[in-house]
Amino acid sequence: MRFDLLVQGAPLTTGAPERAFRFARAAVDARHQIGRVFFYNEAVAVANRFAADDSGTREHLTRLASDAGFELAVCVTAAARRGIVANESLADGFVIVGLGQLIEAIEDSDRLVSF
């Protein structure tokens, strides 16, 4: 089964990115496929290389995405509103994309799971 994840909650106040990581890890371990993890709204803070990552979620996500071959997509508009720019503050392993990639993920996945 292919899952795509939509992460919207702020990392420090909601824990949504960490829960998304745990779900992705469990799905990969169960031999499911993750197509894309799409960060939107406050969750884009995970992709800011200058933001504190005390929980290690950014590192865990990028390692899992690299190992399992899925994309860590960051909404361009949400990122720009929060000062995240592709060649300046975007952390390694993340890509800036438009909302079209979220629609594509919804169409291509068996399930979209939101955090």
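As shown above, the structure is provided for reference.
Residues numbered from 1 in each chain as written. Predicted model: local features only at pLDDT ≥ 70, side-chain atom pairs only at ≥ 80, totals over all residues. Heavy atoms only, no water.

Draft legend 1. Main features of the layout of surface pockets. In this structure, the largest pocket occupies an estimated 200 Å³ of space. In terms of lining, the largest pocket is formed by 14 residues, of which the most central are Pro-11, Leu-12, Ala-52, Asp-53 and Ser-55. Looking at the lining of the largest pocket, the elements that each hand over two or more residues are helix H1 (16-29) and helix H2 (57-68). Residues belonging to the lining of the largest pocket are distributed by class as follows: seven nonpolar, three polar and four charged. (1 Å grid on protein atoms, 1.4 Å probe; cavity = no way out; pocket = protein on both sides within 12 Å on 5 of 7 lines; lining within 4 Å. Points joined across faces, edges and corners; volume = space filled by probe spheres on them. Helix = DSSP H or I, 4+ residues; strand = E, 2+ residues; numbered from the N terminus. Nonpolar A, V, L, I, M, F, W, Y, C, P; charged D, E, K, R; others polar.)

Draft legend 2. Spatial organisation of the sheet that holds strand E2 (residues 33-39). Pairing is parallel in the open sheet, where five strands are placed in the order E4-E3-E2-E1-E5. The open sheet has two edge strands, strand E4 (94-97) and strand E5 (111-114), and neither has a second partner. The average angle at which neighbouring strand axes cross in this sheet is 25 degrees, direction not considered. Note that strand E3 (residues 71-75) and E4 share four bridges and pair parallel. By the bridge assignment for E4, Ala-73 is matched with Val-95. Packed on one face of the sheet, H2 meets E2, E3 and E4 and runs near 125 degrees to E3. Along the sheet face, helix H4 (residues 99-108) touches strand E1 (2-7), E2, E3, E4 and E5 and points at about 150 degrees away from the line of E2. (Pairing = 2+ DSSP bridges. Axes fitted to C-alpha atoms, helices over the stretch in contact; angles between N-to-C directions. Contact = heavy atoms within 4.5 Å.)

Draft legend 3. Broad picture of the packing of aromatic side chains. Inspection of the entire model under this criterion finds four aromatic pairs. Ring centres 6.3 Å apart and planes at 40 degrees place the aromatic pair Phe-38 and Tyr-40 in the tilted group. Phe-38 sits in the buried class, given a relative accessible area of 1%. Ring pairing ties together the aromatic residues Phe-3, Phe-23 and Phe-115, which thus form one cluster. (Phe/Tyr/Trp six-rings, centres within 6.5 Å; stacked < 30°, edge-to-face > 60°. Buried < 20%, exposed > 50% of the residue type's maximum accessible area, 1.4 Å probe, protein only.)

Draft legend 4. Unusual backbone geometry, seen in detail. Despite not being glycine, Arg-31 shows a phi value in the positive range, around 70 degrees. With respect to the secondary-structure elements, Arg-31 resides in the loop between H1 and E2. We note that Asn-41 has phi near 55 degrees; this positive angle belongs to a residue other than glycine. Tracing the sequence through the fold places Asn-41 in the loop between E2 and H2. What makes Asn-41 partly exposed here is its relative accessible area of 29%.

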